Amino acid sequence: MLQKKDRKVSNCYTIKKNIDFVTKDDLISVLFDAKKSIKMKYGFQNLIKRIFTDRIKYIIISNNCEVTMRSIIIYYAFIKDIKLLIYEGNSLELGDVLSKLWPISIISVYP
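Colleague: Please clarify how the environment of R70 should be interpreted in this entry.
Modeller: As for its position among the elements, R70 is in helix α4 (residues 67-80). Setting aside residues up to four positions removed in sequence, R70 forms contacts with I61, S62, N63, N64 and C65.

Right, here's the structure in full:
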């Protein structure tokens, strides 16, 4: 019985280990490096298409992303060992950081 509880705690620890919360300044520095040499795709469907075919470096999610999408992304990020960044602002602010006029809730960054 104690071994099963230890396994659950260790799995939760590894999931939280891959998740980082970023502010606007941190995100600008990350995306500035990404725009030079790395491709970015926006949206949930593009992420699901590429999560098993391409090698994704990290995923950026806005704070107000839907709960179902967020849980699916966290699950796939844990399986594929992808770093997950959660932006503290909403999707409109995330679109503004990327100088887009529309809201962006999910960004997948890959080489």
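That shown, we press on.
Colleague: Looking at this structure, I do not really get the environment of L31. What am I missing?
Modeller: Mapped onto the secondary structure, L31 falls in helix α2 (residues 24-37). Look at L31 and you get buried, because its relative accessible area is 3%. In this structure the C-alpha to C-alpha distance between L31 and V97, which are 66 residues apart in sequence, comes to 8.9 Å. With residues up to four places along the chain from it excluded, the contact list for L31 reads M40, I60, V97 and L98.

Rules and cut-offs
- Residues numbered from 1 in each chain as written.
- Predicted model: local features only at pLDDT ≥ 70, side-chain atom pairs only at ≥ 80, totals over all residues.
- Heavy atoms only, no water.
- Helix = DSSP H or I, 4+ residues; strand = E, 2+ residues; numbered from the N terminus.
- Contact = heavy atoms within 4.5 Å.
- Buried < 20%, exposed > 50% of the residue type's maximum accessible area, 1.4 Å probe, protein only.

Shape is all these values report; function is a separate question.
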